[in-house]
Amino acid sequence: MKVNVDRQKCTVCGVCVEVCPFGAITLSETSVEISDACTLCGMCVDTCEFGAISLPEVGAGPAEDLASYRGVWVYAEWREGLIHRVSFELLSEGRTLADKRGVPLCAVLLGHQLDGNLAEELISYGADVVYVVDRPELAHFSDEAYGNVLVELIRVKKPEMLLAGATSMGRSFIPRVAACLRTGLTADCTELDISEEGLLLQTRPAFGGNVMATIVCPHRRPQMATVRPRVMKPLKREGRQGNVEFPKISEECFLSRIEVLEVIPEKDQTAKLTEADVIISGGRGLQKGENFSIIEELAQMVKGAVGASRGAVDEGWIPPSHQVGQTGRTVAPNLYMAVGIAGAIQHVVGMQGSNVIVAINKDPMAPIFDIATYGVVADLFEFVPAFVRKIKQDRGEP
Ligand SMILES: Cc1cc2nc3c(=O)[nH]c(=O)nc-3n(C[C@H](O)[C@H](O)[C@H](O)COP(=O)(O)OP(=O)(O)OC[C@H]3O[C@@H](n4cnc5c(N)ncnc54)[C@H](O)[C@@H]3O)c2cc1C
C-alpha cells in the first residue's frame, strides 16, 4: 500500500521527493511516481502544500483474506554468532500458541555465514521449520535490509502471527515491518494467549504499569507482538524434528542506504543490563559517584550487572547506559536489587518485570517497597557492606 497522488492537484514541484526518507518518490513529466518503498510515513503528505498527496484510509484497502494466513513465526535474533536467549523464550511461547491453533511454528533466521548448527538449535527448541536467508548484505543488522527481507517473506508465506524480542533490534525494525504490512503491533508484551475465536491475545502493562491491557488485531495479518526478554521460559532443548528451508528473496530487498564501516564491541560489559540475570542498581541514596563502588563490589560477587536510577545518572555518577526505567532500559532479571532508590513510577516501569525484587532503603515509606518482594529498611552504607561480608564468609573467602 502506498500514498495516493491526486494528479490534478500535483504541480510536479518535487518538494515531496526531497522529504521522502525512503527515496520512494520520483518525478515523472506530469506527476510523481510512488514506489513500493513507500512506508506510509506521511512526510510527503504534510509537506505537499497543494494537498495532492494523501494517506489511504485505514480499512479502505481490499479486505484481507484472513483465513489464508497460517502459522506462528518467531524472528530468531542472534548476536556475536549465537542465538539470543529471547528467541528460545519466544519459541517456547510460540510452540504453545501454534499447538493451540493447530498450525506450524516457524523461525526466521537472517544473517551471513552463520553457524550451520543455529537452525538445528532453533528446531531443538521447538521450531517445526526454520527459514534461513544467508546473504552478505545481512552480515550486519540494518533496519532496511532486515525489514525488507522479513516483509517479503511474510507477504509470500503469510503467517498469522509474528513474535520478536523487545530488544534494541526488535524495537528498531519490527515496527517498520508492521507499518509496511499495514498491520498492528503490540510492543513489550508480557503475556500471550489465544482467544476462543483464535485471535492472539497480547497483554502488556499500560498507563505506567497501573493496568494490564490485552490487545487484539482482528482485521489485519499477521498479528505482531514484541515480547520482553526473560518474561517467558525456554523449552528444554530436545532432539526435535524439523525442516530448514532457504527461500529466495528479491534482489531489491537487500538494498540499503546504510553502510556498516566498523563494529565496535561495547567495552563496558556491565552495561549489558537487558541480558543480566542479576542486577544491582544504585540511586541517589548513594550520595556520591565514588560510592557506586559498594554496588559494583556486590554486583561482581554475584556475577551481576550494575544498574542505576535516573537520579544517579543525572548526578553524573554513572553513564546513562546503566539507567533503568522509562527513559532507560527495561530489564527483567531473576534478581533486581534497588539500593537507595525511591521507586518513582518512571523507574518502576523499567524493572517491575523482575522475578525477585529486593529493595534497600532507609525510608520505610519509600514507594519501592510497594513492589518489592523483600524489603530491607536500613542505611545502605551499613547493610550492603555487611551483606558482602556475609557472602564472603559463607563462601569462605577472605
Ligand atoms: C519523563 C521522565 C522520565 C524519567 N525516566 C526515568 C527513568 O528511566 N529511570 C529513573 O530511575 N527515573 C526516571 N525519571 C526520574 C524519576 O521520576 C525519579 O526522579 C528518579 O527515579 C529518582 O531517582 P532516585 O530514586 O535514585 O532518587 P531519590 O528520589 O532522590 O531517592 C533516593 C532514595 O534513596 C533513599 N536513601 C537515601 N539515603 C539512603 C541511605 N543511606 N540508605 C538507604 N536509602 C537511602 C531515600 O530514602 C530515597 O528513597 C524520569 C522522570 C521523568 C519526568
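Keep in mind that what you see is a predicted model, and the values were worked out from it rather than measured.

1. Examining the overall build of the protein chain
For the protein chain, the count of helices and strands is 11 helices and 21 strands. Projected onto the principal axes, the alpha-carbon positions of the protein chain cover approximately 80 × 55 × 45 Å. In the protein chain, which comprises 398 residues, the proportion classed as buried is 48%. Taking contacts inside the protein chain between residues at least 6 apart in sequence as the whole, the part at least 24 apart equals 65%. Counting only carbon and sulfur atoms, one obtains 51% of the accessible surface of the protein chain, whose full area is about 19900 Å². Mean positive and mean negative side-chain charge positions of the protein chain (39 and 51 charges, respectively) differ by 3 Å.

2. Some remarks on the site of the ligand
Residues in contact with the ligand amount to 25 residues; listed here are only the nearest, Arg284, Ser309, Thr327, Ala342 and Asn361. Within the contact set of the ligand, an oxygen atom lies 3.4 Å away from a backbone nitrogen or oxygen of Gly328. A distance of 2.9 Å separates an oxygen atom of the ligand from a polar atom in the side chain of Gln346. Those elements that provide at least two residues to the shell around the ligand are helix H8 (310-314), helix H9 (345-348) and helix H11 (380-395). Of the residues in the shell around the ligand, the class split is 7 nonpolar, 13 polar and 5 charged.

3. Concerning the environment of Gln346
Position of Gln346 among the secondary structure elements: in helix H9. Its relative accessible area of 43% is what places Gln346 among the partly exposed residues. The residues touching Gln346, leaving out its near neighbours within four places in the chain, are Gly325 and Gln326.

4. Quick word on the packing of helix H5 (residues 143-157) against helix H6 (residues 168-181)
In contact at an axis separation of 9 Å, H5 and H6 are set at 45 degrees when each is read in the N-to-C sense. Relative to H6, H5 is oriented oblique. Like other packed secondary-structure pairs, H5 and H6 cross with a definite hand, here right-handed. From H5, Asp143, Glu144, Tyr146, Gly147, Asn148, Leu150, Val151, Ile154 and Arg155 reach across to H6, where they touch Ser172, Phe173, Ile174, Arg176, Val177, Cys180 and Leu181. Residues that form the contact of H5 with H6 fall into these classes: 9 nonpolar, 3 polar and 4 charged.

5. Comments concerning the nonpolar core
Counting 62 residues, the largest nonpolar core has Leu109 and Leu150 as the members making the most contacts within it. Setting aside chain neighbours within four positions, we find Leu150 in contact with Trp73, Tyr75, Val108, Leu162, Phe173, Ile174 and Val177. By size, the runner-up hydrophobic cluster in this structure holds 23 residues, among which are Phe292, Val313, Ile360 and Ile391.

6. Structural notes on H6
Helix length check: H6 (14 residues) gives 21 Å between terminal C-alpha atoms against 20 Å at 1.5 Å per residue, within 8%. Residues of H6 that are buried in the fold lie against strand S5 (72-75), strand S6 (78-79), H5, strand S10 (161-165), strand S11 (185-189) and strand S15 (223-227). The positive-phi residue at the C-terminal boundary of H6 is Arg182, with phi of around 55 degrees.

7. Brief notes about the domain arrangement of the protein chain
Under the domain assignment used here, the protein chain contains domain 1 (4-54), domain 2 (66-254) and domain 3 (269-395). Here the C-alpha centroids of domain 1 and domain 2 sit 33 Å apart.

Parameters and conventions
- Residues numbered from 1 in each chain as written.
- Predicted model: local features only at pLDDT ≥ 70, side-chain atom pairs only at ≥ 80, totals over all residues.
- Heavy atoms only, no water.
- Helix = DSSP H or I, 4+ residues; strand = E, 2+ residues; numbered from the N terminus.
- Buried < 20%, exposed > 50% of the residue type's maximum accessible area, 1.4 Å probe, protein only.
- Contact = heavy atoms within 4.5 Å.
- Areas by Shrake-Rupley, 256 points an atom, 1.4 Å probe, with all protein chains shown as cover.
- Lys, Arg positive; Asp, Glu negative; His and termini not counted.
- Charge placed at Lys NZ, Arg CZ, Asp CG, Glu CD.
- Near = heavy atom within 4 Å.
- Polar contact = N/O pair within 3.5 Å; in protein donor to acceptor, adjacent residues only side chain to side chain.
- Nonpolar A, V, L, I, M, F, W, Y, C, P; charged D, E, K, R; others polar.
- Axes fitted to C-alpha atoms, helices over the stretch in contact; angles between N-to-C directions.
- Parallel < 35°, antiparallel > 145°, perpendicular 65-115°, else oblique.
- Left-handed = near helix turned anticlockwise from the far one by under 90°.
- Core = buried A, V, L, I, M, F, W, Y, C linked by side-chain atoms within 4.5 Å.
- Expected span 1.5 Å × (residues − 1).
- Domains from an automatic or database assignment.

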